[in-house]
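Spelled out, the chains give:
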Amino acid sequence: MHLYKRFCVWLGHLKLSRVIMSVFVILFTVPLVTHYYLSKYETTTTSQGSGNMRHTLEALSDPSPANVADLKLRIEEMLRIKASVSTELRELESRRGRLQREAAAASAKADSVKAEHARATAELMRLRASAEQARLAQLDAMRRDSPDIAPPAQIVPSQPPPTLPSVSPSLEPYCRMHSCFDHSRCSLTSGFPVYLYDPDIYSPLAGAEVDGFLKTTLRQTLGYNTHLTRDPNEACIYLALVGEAFPFDKTPSSTTEIYKLMLNETAVKRLPYWGGDGRNHVLLNLARRELSVGSGDAFRGTSTGRAMIAQSTFTLDQFRPGFDLITPPALGPPGGDVWADCASIAPARRKYILSFQGSQTPATGTVKDDDKSLMDFLQKTAKSAPPSDVFYLQFECDPPVERRAVLAIGDWALCGTDRSRRSILRDSTFVLILAPADRTYATTALLQARLYEALRSGAIPVILGGDRIRLPYDEVLDWRRATMLLPKARVTELHFLLRAMTDADLLAFRRQGRVLWERYLSSVQASVDSLLAVIRTRLNIPPRPAVPIIGAPAFNESYYPLKVEPPAMDSEPEETLGPLEAPYPSPTFKRNYTVALLQGYEMWNEWGEPFTLYPQLPWDPPVTSEARFIGSAAGFRPLGAGAGGAGRELSEALGGDRPREQFTIVILTYEREAVLAAALARLRGLPYLNKVVVVWNGVTGPSMAAWPESGAPVAVVRAARNSLNNRFLPYHLIDTEAVLCVDDDAHLRHDEIVFAFRVWREHRDRIVGFPGRYHAWDLNFNNGFLYNSNYSCELSMVLTGAAFIHRYYMWAYWRALPAAVRDYVDEYMNCEDIAMNFLVAHITRKPPVKVTSRWTFRCPGCPVTLSSDETHFHERHKCIQFFSQVMGYTPLLSTQYRADSVLFKTRIPHDKQKCFKFI
């Protein structure tokens, strides 16, 4: 029966033509064979019969009893032979009939299969046509819903501004952007070109020279700015450096009038592109060496036409809101990392609850009456305060100051040296800043210098008189999140307000103040970039897109290794997120010239109150899929040079699944071709994989003759040098928002990867991955945090050796993270994953998300890894401490949350499993 079934199965696979031929051969050969054997048998039988006949005749001729018995036996034998032959003939005939019937059935089955194949082919073609129609319908619907509107052609002026009649001096105080600015030179697609007058050639000041440091620094700073143009004919903005300037001859007997700067109106009007009225010009007056010069107004009593004024000192009647700009003093370095000048954010409370150092009393003079009563009350408060609240108040300098230009307006001069003031500020929780007694002043250079020093040292500024004071770039920066702005009448309630602030609020104020100082006040480059970005934001001009990082291919154009099929792997249960499709990039949010340019500077908490925990960084992310700022509590940034984006689209999509979304895998490897080949082979059949980017860190290029087929495009890029930072280079090859960073020796199942991708889509602003670690405080190790990889109920880091991150963080790693962190990673060849965790926690103030119960990744057959070195963990301890110094605090946040599948370790009856198949 088994053979018969196998014969039937074999017969069912035969084609119709073969069956017919087989039946024909059988019908032709069987009779021939039968006839052959029958004729042979008949011949033998005939010969035997002849012999038997002779014996029979002999027996008949001899009728003895023996012969008769022998004759009977022969006759019976012949009858048996006849019966046997007849039986064989009947069996052969029966078999022939059966074969004919089976051949007919096989032929009918073949015809049926052929017809079914034709129907399936037709159905497949119909489904393909339907899918194509659905795709076209979807594209058509998308076009109708959000049609692609081509931006206008780039409009750049081709000639300098025409000369127009000068504006009346009486109209200058009423200048605003809509009335005194020429928008025709600054189209949306112009790129906001900025032209700088050479300060060595054009000096609008009479009898003074510009500080050489400022001239050199300004040239260098604008050289890094993407908006700088060398062609004045196409410029939108013209920058003219007025100061800091100082007289040629300064003697100890210099008077106030010598320090007062006088703007030469004739020199200003002779600027080549002044155009008669100075429209689109910015007169930049930076205070640096002599802050008293900043308080002496260079523009008072001088006609500046329609030019904008950018300086640190303004009177209320002179400052034109929304037109002039308040810039901080140029007290910092030209640019670069400034973290070393900052004090630590923690602890929350310091030695002094409030400090003040300053003098308003000249050698011959008195203090203003209002400030005198204020000083008396503060001294009484300090004496009556409990022992835990220590005040440091110094209202007279030793030796006394002689800056009459400062003291004439009731401003408070600085006492001592920068080092002595910094030592006091680093021990102060709050620092008092008093507005000038002369209420006509909106801001002064000395007041901003105090603000600069306070934020640098981590002391929270308390500005009395802040109800009328204007601070740098306050039209886009919310200073209420970093300073306390109080009227002087609140001095009686000051102690209560200071004590009522919690430690969490103190750290939030201090953190915000440090970010504001680093990004906008710390250096000349930060200040100038912010100045230009404020003007660009006023004009609603998107910045130039950031230059993408092009990954150099590891292979030349004429050679690429062959693809080989990987060995078959055991099937695994798959997580499903929807229909599988061909590689498809994430949706790109294109520049919106209306809504996206309306920068949002505040977010809202659960009580409906505005708050900003973290301002936007001093550069804008690129105009691509990563052009959104991440973090619901992160705020938005309008400032900086680079590419733009307010982050509105991504913030609205946080926590939601998008259809047709995939991810890119970035593999960092170093001359481990066998391990890399195994890693690529394990990716075969991985759903939702858009592309694999292999970052080759080796000194020599890869030499593999064949690569395993991974089922998705594989791009191999060769890094310029061996660095672990190359893992986070935002290569132009990455088309998706989700990026899975993996080591070449990480072993992950497909269902684990897909589940982690599912979790990441609901936590796009976090690191989502597998190996969890945490930082722990160790009192025995220099009172610092240690790196810990032991099993624990909490974690604060997810290592990027197997983790999903948003592509935005790859840009932020190179644009926002201080360069000292990346240099430290290169020095020790370690800790790039800790640096990324620091960055994400610093931006979002959220912990990472760990998925599944996997703890470690072992690769028994792999070569020696960096983590096997005995100094590996000691270096990671140092990394945490160094990164904390750079950022001023340890931003890592601990959590006990872990994401697992709904059915993780859930026992389900066998007959119910189908019901939960797609959960």
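Reference entry: report on the structure contained in this document. (Residues numbered from 1 in each chain as written. Predicted model: local features only at pLDDT ≥ 70, side-chain atom pairs only at ≥ 80, totals over all residues. Heavy atoms only, no water.)

**Some thoughts on the overall build of the protein chain**
Counting its regular elements, the protein chain contains 22 helices and 29 strands. Sequence separation of 24 or more characterises 80% of the internal contacts of the protein chain that already satisfy a separation of 6 or more. Taken as a whole, the protein chain presents about 44600 Å² of accessible surface, with 57% of it coming from carbon and sulfur. (Helix = DSSP H or I, 4+ residues; strand = E, 2+ residues; numbered from the N terminus. Contact = heavy atoms within 4.5 Å. Areas by Shrake-Rupley, 256 points an atom, 1.4 Å probe, with all protein chains shown as cover.)

**Considering the pairing of strand S5 (residues 281-285)**
Remark: a regular strand shows side chains that alternate across the two faces of the sheet. Counting buried positions along S5 gives five out of five residues, so the element sits mostly inside the fold. Going residue by residue along S5, you find His281, Leu283 and Asn285 tucked away on one face and Val282 and Leu284 tucked away on the opposite face as well. Relative to S5, strand S3 (residues 237-243) is paired through five bridges, and the arrangement is parallel. Among the inter-strand pairings, Leu239 is bridged to a residue of S5, identified as Val282. By the bridge criterion, four bridges tie S5 to strand S6 (residues 308-311) in an arrangement that is parallel. Paired with Leu284 across the two strands is Ala310, which belongs to S6. (Buried < 20%, exposed > 50% of the residue type's maximum accessible area, 1.4 Å probe, protein only. Pairing = 2+ DSSP bridges.)

**A closer look at the state of the cysteines**
Throughout the structure, instances matching the rule amount to four disulfides. The disulfide bridge from Cys175 ends at Cys180, spanning 2.0 Å between sulfur atoms. On the sign convention where negative is left-handed, the bridge of Cys175 and Cys180, at about -75 degrees about the S-S bond, is left-handed. For the pair Cys175 and Cys180, one class covers both residues: buried. Here Cys831 pairs with Cys879 through a disulfide, and the sulfurs are 2.0 Å apart. Judged by the sign of its S-S torsion, about 85 degrees, the bond between Cys831 and Cys879 is right-handed. Taken together, the residues Cys831 in the loop between helix H20 (819-828) and helix H21 (832-844) and Cys879 in helix H22 (residues 872-887) connect sequence positions 48 residues apart. (Disulfide = S-S within 2.5 Å.)

**Brief notes about the pattern of salt bridges**
Overall, the coordinates contain 35 salt bridges when judged by the stated rule. Asp200 is paired through a salt bridge with Arg219; the nearest N and O atoms lie 2.5 Å apart. Placement of the pair is Asp200 in the loop between strand S1 (194-196) and strand S2 (208-210) and Arg219 in helix H5 (residues 212-224), with a sequence separation of 19 residues. The closest approach of N and O atoms between Asp324 and Arg320, which form a salt bridge, is 2.9 Å. On the accessibility criterion, Asp324 (2% relative accessible area) is buried. Judged by its relative accessible area of 4%, Arg320 falls in the buried class. The structure contains a network of salt bridges with shared partners spanning Asp198, Asp200, Lys215 and Arg219. (Salt bridge = Lys/Arg side-chain N within 4 Å of Asp/Glu carboxyl O.)

**Things to note about a nonpolar patch on the surface**
Residues Met21, Phe24, Val25, Phe28 and Leu32 make up a contiguous nonpolar surface patch of roughly 540 Å² in combined accessible area. By secondary structure assignment, the location of Met21 is in helix H2 (residues 16-61). (Patch = residues over 30% accessible without salt bridge, like charges linked within 9 Å, V, L, I, M, F, W, Y side chains within 5 Å.)

**Remarks on the side chain of Arg876**
Along the chain, the position of Arg876 falls in helix H22. Within the structure, Arg876 has its side chain in polar contact with the side chain of Tyr787 (distance 3.5 Å). In this view, Arg876 contacts Tyr787, Leu799, Asn830, Cys831, Asp833 and Ile834; residues no more than four positions away in its chain are not counted. (Polar contact = N/O pair within 3.5 Å; in protein donor to acceptor, adjacent residues only side chain to side chain.)

**What to know about unusual backbone geometry**
A cis amide bond, omega 0 degrees, links Ala346 with the succeeding residue Pro347. Its location among the elements puts Pro347 in the loop between strand S8 (325-326) and strand S9 (352-357). With a phi angle near 50 degrees, Glu671 is a residue other than glycine that sits in the positive phi range. Locating Glu671 in the fold gives a position in the loop between strand S18 (663-669) and helix H17 (673-681). Phi angles above zero are rare outside glycine, and Met829 is one such case at about 50 degrees. Looking at the element boundaries, Met829 is found in the loop between H20 and H21.

In short, shape yes, function no, at least from these values alone.
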